[in-house]
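Reading the structure
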Amino acid sequence: MKRTLAALLAVLMMMALLTGCGGQKAPAEQPAPGTPAEDAPADTTPAEETPAEGAKEPELVLRYAENQPEDYPTTQAAYKFAEMVNERTNGRIKIDVYYGATLGDEKTVIEQLQFGGIDFTRVSLSPLAEFNKSLDVLQLPYLYKDADQMWRVLDGEIGQEFLDSMKDVGMQGLSWFDAGARNFYNSKREITCLEDMKGLKIRVQESELMMDMVKALGAEPTPMAYGDVYSSLQTGVIDGAENNWPSYDSTSHFEVAKYFVLDGHTRVPEPQLVSNMTMDKVAALDPTFPDIIRECAKESAQIERQLWAEKEAASEAKVREGGAVITELSPEEMAKFQEAVAPLYEKMSDEDKAIIEKIKAA
């Protein structure tokens, strides 16, 4: 009897020990020593991604310099260009886009492009013409009747000749981006006639032709870095400047210079460029790749032009709503502006005059 009670007590004590931690979860089951690895519980930690089949690490990483903000049409088109090149070279070429003048102002970028320090860029014609004087023809005021005529010229034989002419200065032209029409704006008065331009201190790019144009219209040209224009308008160092709708908007110049006249003195397209040295590297990687670069550049230009049209319309609406005074010149006054700059055409070489005649006939 005593032995039976002792055995029963031992069983009860064992049960108490087993159920004493009933409120806690049992530890996860561990594989027994010697269990093969493939029998262990599956690891749910995400594995490091491996490249997709056919994808390659880039063999060439190139730099694209853009001085406009990230959301600007030219920058967005640069991103699209880089994307297309990467896809069509099967990932062998990667192009990094540096926006907001991270790699320097336009003149500095052009200089670096000549020696392969920068691979691609999109720049204004004025600083580029300092390296290739033949481009001055495309900056002549009132050269085109309208935008349609300009694109007939630039997308044709004449435009290609200008792109090809840059090879002599260490770079190649790839395509033309739209930059709209440039107009004058100032903080002093509404411009309704040529006489209203007299004496105004107008900021211009560092271009002899642009300075001559402003002088011919009776104003005083003031070369200045683009980034200094807003504060200079605020402090009266200059009275005005000239640019397109999106730039007038994105820089907030309309806040300090509200008088904007639609004279459309220049329609200056902006070329996409590549360094000669870069194209040599691309060709060495694969002889078909230079043609891919050119093809993607042409396609990205069409994208940029559509983005530009959308941005231009939005910017015009914004500055009008913001209180800018927008003035359209009468046909008679517009003719006076055109007559005032006629001497600039006479200063061109005979070769340039022949090109001008071709443009006029387009």
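Placed above this text is the structure.
Nothing here was measured: the structure is a model prediction, and the numbers come from that model.

**Points about the overall build of the protein chain**
- Each helix and strand in the protein chain was counted, giving 14 helices and eleven strands.
- Classification of the 362 residues of the protein chain by burial places 46% in the buried group.
- Within the protein chain, counting contacts between residues at least 6 apart in sequence, those at least 24 apart form 74% of the total.
- Just so you have it, the protein chain exposes about 18800 Å², and 53% of that area is on carbon and sulfur atoms.

**Concerning the environment of Glu130**
- Relative to the helices and strands, Glu130 resides in the loop between helix H4 (125-129) and helix H5 (147-154).
- By relative accessible area, which is 40% here, Glu130 ends up partly exposed.
- Placed 76 residues apart in sequence, Glu130 and Glu206 show a C-alpha to C-alpha distance of 8.6 Å.
- The contact partners of Glu130, leaving out residues within four places of it in the chain, are Glu206, Ser207 and Glu208.

**Comments concerning the packing of helix H2 (residues 73-88) against helix H11 (residues 289-321)**
- Put simply, H2 and H11 touch, their axes get as near as 8 Å, and they point 150 degrees apart. Considering their axes alone, H2 and H11 lie roughly antiparallel with respect to each other. For the pair H2 and H11, the sense of crossing is right-handed. For the pair formed by H2 and H11, the contact residues are Pro73, Thr74, Gln76, Ala77, Lys80, Phe81, Met84, Val85 and Arg88 on the first element and Ile292, Ile293, Glu295, Cys296, Ala297, Glu299, Ser300, Ile303, Glu304, Leu307, Trp308 and Lys311 on the second.
- Taken together, the residues of the contact of H2 with H11 break down into twelve nonpolar, three polar and six charged.

**Some details on the nonpolar core**
- With 55 residues, the main nonpolar core has Leu128, Leu138, Leu217 and Ile359 as its most contacted residues.
- Those residues in contact with Ile359 that sit more than four places away from it in its chain are Val137, Leu138, Leu143, Tyr144, Gln149, Val153 and Ile158.

**Re the packing of helix H10 (residues 276-285) against H11**
- In contact at an axis separation of 7 Å, H10 and H11 are set at 125 degrees when each is read in the N-to-C sense. Classified by the interaxial angle, the pair formed by H10 and H11 is oblique. Residues Met279, Val282, Ala283 and Leu285 of H10 touch H11, and the partners they reach there are Phe289, Pro290, Ile293 and Arg294.
- Within the contact of H10 with H11, the residues separate by chemical class into seven nonpolar, no polar and one charged.

**Some points on the pattern of salt bridges**
- Inspection of every chain in the model, using the stated rule, returns 20 salt bridges.
- Put simply, Arg92 and Glu59 hold a salt bridge, and the shortest N to O gap is 2.8 Å. Within this pair, whereas Arg92 is found in the loop between H2 and strand E2 (93-98), its partner Glu59 is found in the loop between helix H1 (2-19) and strand E1 (60-65), the two being separated by 33 residues in sequence.
- The partner of Glu106 in a salt bridge is Arg122, with the nearest N and O atoms 3.4 Å apart. Placement of the pair is Glu106 in helix H3 (residues 106-114) and Arg122 in strand E3 (residues 120-122), with a sequence separation of 16 residues.
- Salt bridges here are not isolated pairs; linked through shared partners, they connect Glu66, Glu106, Arg122 and Glu270.

**Observations concerning the packing of aromatic side chains**
- Inspection of every chain in the model, using the stated rule, returns nine aromatic pairs.
- Geometrically, the ring pair formed by Tyr248 and Phe254 is edge-to-face, given 6.1 Å between the ring centres and 65 degrees between the ring planes. Taken individually, Tyr248 and Phe254 each receive the classification buried, so the pair is uniform in this respect.
- Members of the aromatic cluster, joined through ring pairs, are Tyr185, Trp245, Tyr248, Phe254 and Phe260.
- The lysine or arginine in question, Arg63, covers the ring of Tyr98, its NZ or CZ lying 5.9 Å from the ring centre.
- Taking the ring centre of Trp151 as reference, the NZ or CZ of Arg305 above it sits at 3.7 Å.

**A few points about the sheet that holds strand E4 (residues 171-177)**
- One open sheet accounts for five strands, arranged E2-E1-E3-E10-E4; its pairing is mixed. Of all the strands in the sheet, the pair left with one neighbour each is E2 and E4. In this sheet, adjacent strand axes meet at a mean angle of 20 degrees when their direction is disregarded.
- Bridge analysis of E1 against E2 gives six bridges, and the strand direction is parallel. Within E2, the residue paired with Ala65 across the bridge is Tyr98.
- Sheet strands touched by H2: E1, E2, E3, E4 and strand E10 (270-275). Its angle to E2, the strand with the most contacts, is close to 170 degrees.
- Here H3 sits on the sheet in contact with E1, E3, E4 and E10, set at roughly 150 degrees to E3.

**Considering the side chain of Thr121**
- Structurally, the position occupied by Thr121 is in strand E3.
- Overall, Thr121 belongs to the buried group, its relative accessible area being 1%.
- Within polar-contact distance, the side chain of Thr121 engages the backbone oxygen of Ala65 at 2.8 Å.
- Aside from chain neighbours lying at most four places away, what touches Thr121 is Tyr64, Ala65, Val109, Leu113, Pro271, Gln272 and Leu273.

**Topic: the pairing of E10**
- In terms of burial, E10 is largely enclosed, as six of its six residues are buried.
- Pairing analysis gives three bridges linking E3 to E10, with the strands arranged antiparallel. Bridge pairing links Phe120 to Val274 in E10.
- Pairing analysis gives six bridges linking E4 to E10, with the strands arranged antiparallel. The residue of E10 that forms the bridge with Met171 is Ser275.

About the criteria used
Residues numbered from 1 in each chain as written. Predicted model: local features only at pLDDT ≥ 70, side-chain atom pairs only at ≥ 80, totals over all residues. Heavy atoms only, no water. Helix = DSSP H or I, 4+ residues; strand = E, 2+ residues; numbered from the N terminus. Buried < 20%, exposed > 50% of the residue type's maximum accessible area, 1.4 Å probe, protein only. Contact = heavy atoms within 4.5 Å. Areas by Shrake-Rupley, 256 points an atom, 1.4 Å probe, with all protein chains shown as cover. Axes fitted to C-alpha atoms, helices over the stretch in contact; angles between N-to-C directions. Parallel < 35°, antiparallel > 145°, perpendicular 65-115°, else oblique. Left-handed = near helix turned anticlockwise from the far one by under 90°. Nonpolar A, V, L, I, M, F, W, Y, C, P; charged D, E, K, R; others polar. Core = buried A, V, L, I, M, F, W, Y, C linked by side-chain atoms within 4.5 Å. Salt bridge = Lys/Arg side-chain N within 4 Å of Asp/Glu carboxyl O. Phe/Tyr/Trp six-rings, centres within 6.5 Å; stacked < 30°, edge-to-face > 60°. Lys NZ or Arg CZ within 6 Å of the ring centre and 35° of its normal. Pairing = 2+ DSSP bridges. Polar contact = N/O pair within 3.5 Å; in protein donor to acceptor, adjacent residues only side chain to side chain.

Nothing here speaks to function; it is geometry throughout.
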